[in-house]
Each structure stands twice: as structure tokens, then as C-alpha cells.
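Architecture at a glance
So you can see what is in the structure, the chains are spelled out below.
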Amino acid sequence: MNASYEWLRAIVPFDYTPEQLRDLITARCCPVDELVRLRADLASVVVGQVIEAGPHPDSDHLWVTKVDAGKGELLDVVCGAPNVKVGAKYPFAAAGTTLPGGLKLEKRKIRGATSNGMLCSARELGLGQEHDGILELTTDLPPGTPFLDAMPAGDTRIVIDVTPNRPDLLSH
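Per-chain numbering applies: the sequence of each chain, read as written, is numbered from 1 onward. The model is predicted, so local features are restricted to residues of pLDDT at least 70 and side-chain atom pairs to those at 80 or more, both for listing and for counting; the totals for chains, interfaces and linings are taken over all residues. With hydrogens and water stripped out, all remaining heavy atoms of the structure feed into the side-chain values.

**Section: the pattern of salt bridges**
As a reminder of what qualifies: Between Lys or Arg on one side and Asp or Glu on the other, a salt bridge is scored when a side-chain nitrogen of the former is within 4 Å of a carboxyl oxygen of the latter. What counts as a helix is a DSSP run of H or I of at least four residues, what counts as a strand is a run of E of at least two, and both are numbered from the N terminus. For every residue, the accessible area (1.4 Å probe, protein chains only) is compared with the maximum for its type, and the residue is labelled buried under 20%, exposed over 50%, or partly exposed between those bounds.
Across all of its chains, the model carries 6 salt bridges by this definition. Linking Glu19 and Arg37 is a salt bridge whose minimum nitrogen-to-oxygen distance equals 2.2 Å. Separated by 18 residues along the polypeptide, Glu19 in helix α2 (residues 18–28) and Arg37 in strand β2 (residues 32–37) bring together distant segments of the chain. For Arg37, a relative accessible area of 43% translates into the label partly exposed. Across the pair Lys85 and Glu136 runs a salt bridge whose closest N-O atoms are separated by 3.5 Å. Of the two residues, Lys85 sits in the loop between β5 (74–79) and β6 (89–94) while Glu136 sits in the loop between β9 (117–119) and α3 (147–150), which places them 51 residues apart along the sequence. Of the residues examined, Lys85 reaches a relative accessible area of 43% and is grouped as partly exposed. Take Glu136: its relative accessible area is 37%, and that puts it in the partly exposed class.

**Notes on the pairing of β5**
The cut-off we apply is this: In this scheme, strands are said to pair when DSSP sees at least two bridges between them.
Looking at chain direction, strand β4 (residues 63–68) and β5 are connected through 6 bridges and run antiparallel. Among the inter-strand pairings, Val67 is bridged to a residue of β5, identified as Leu75. In this structure, the hairpin formed by β4 and β5 is closed by a connection of 5 residues, where Gly70 is found at a positive phi of approximately 80°.

**Comments concerning the side chain of Asn116**
Which entries qualify depends on this criterion: We call two residues in contact whenever any of their non-hydrogen atoms come within 4.5 Å of each other.
Mapping Asn116 onto the fold places it in the loop between β8 (113–115) and β9. Residues in contact with Asn116, not counting those within four places in the same chain, are Leu75, Asp76, Val77, Phe92, Ala94, Ala95 and Lys107.

This is the structure in C-alpha cells:
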């Protein structure tokens, strides 16, 4: 049987991690075969804060930004979104990240300016169809915080092995 960790927390509030809940269910009810992290494809996306932004010298629609991704240094990022602004926080995927659509980001030059990653829209993260601009986050979390902590889009599926003496568990 598959159970949603977040759904269980909504019905019965508790402070267990998925691993602690797995151990509790296994000890008191039925064995848990596995925990499946949903939206694990967003695990490498972090909260990035734009520290500087200015128009790209060779483009009328691109921006050259400096992004704090919590690594202790500012990263140069070229951005084409019209809504980028200094001080705002956005989902940031660094070079080397593979986005949900299969796009693997690489450090590259865009019209002569180096880009070390990407500020992401909801569509690029697989969270909707909105792509008119990047997804602005309203959070007090510091740069470098995992995106899934700032915007809980992921859940954990708990795969429970229903034993013959517990058919009541099939009612989930």
C-alpha cells in the first residue's frame, strides 16, 4: 500500500521525519518496504538571492546578475526574465544541475557574459505552466537553503507491505 507522508501529517499532526515514521510503522504495524522521495529531481535547486542586476551590454532583453546561492561567493548568472530584481529570492539551479525536463545546465557564455546557472520559472521546475518570468519566492530563509524547504513541493511515498492479518490498511 502507498501512503503519503504529507497526507498522514495533515490528518494526524506529528513531528517525525519520514525515516522515523517508517521505523514506527514497521515496529507497530507492518513492514515498510521503501520510502520514495517525490520531486527528488528538485533536490539540487536552492534559494538564490539576486545581489546585483544590470542590463546585458549586448542584448536588449537579457540581464547580468550576481546571485548569492549560499556558497560564500557571488555567482554570475545571465537571466532573460523581465521580473528579475535586486534583493529578491528565486529558485536557483547551479551549473551541473539537471532540471526536471532533462535540461542539464552548464557554465557557459551567453553573448560574452558567463552564466554559472539559472534562475528558474515554475515551468522549468515542473511546477506549472507559468513561464512569463522567474518564480519569485517570499521567504525569510537564507540563500543556499534547499528549494523544497522554502516551497514544499515534494512529498514522500511510504510503501507499506500489508500483511494478511491487516486488511484494514487497504482502506487508505
